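Chain and residue survey
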Amino acid sequence: MKKFIQLFIFLSLVLLPSMALAKEEDGYAKYGRIATAVVREDYPGQPVTEYAYLGREELSGNRVQDRFRFEVKENGVEKFVIVTVVHDLSNKKLLNLSVTEEMRNG
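Residues numbered from 1 in each chain as written. Predicted model: local features only at pLDDT ≥ 70, side-chain atom pairs only at ≥ 80, totals over all residues. Heavy atoms only, no water.

**Side note on the pairing of strand β2 (residues 63-74)**
Using the following cut-off: What makes two strands pair is DSSP finding at least two bridges between them. Put simply, DSSP H or I for four residues or longer makes a helix, DSSP E for two residues or longer makes a strand, and each gets a number counted from the N terminus.
Taken together, the nine bridges between strand β1 (residues 48-58) and β2 define a ladder with antiparallel strand orientation. Note on β2: the bridge partner recorded for V48 is V72. A loop of four residues connects β1 with β2, the two strands running antiparallel in sequence, and G61 in this loop sits at a positive phi of about 60 degrees. In this sheet, strand β3 (residues 77-88) lies alongside β2 in antiparallel orientation, the contact comprising 12 bridges. Within β3, the position partnered with R67 by the bridge is T84. Where β2 folds back on β3, the antiparallel hairpin that results is connected by two residues, among which N75 adopts a positive phi of roughly 50 degrees.

Such coordinate-based values are descriptive only and should not be taken to indicate function.
Quick look at the structure:
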């Protein structure tokens, strides 16, 4: 019985953190990293001063759209860069990625 309890505790310590990480990957974290990489590639050497997750919209079936906003200063001009990622929840595949710029007011 003691060995069973020890095994249960060991498996709990090993499996629970990996399950939490898998749940995070189903969320927006994976696509946030992709969006960040795209912004850094599109604006090399420019400071990215702010990052915000704007939310998720369900499209159709298992398709969803996650939106991210980055504040970038390019040649002294501050602007918002919006990255929209469309992906499929069932197979975890990226379907579409778009980047748009908005001038920052104020």
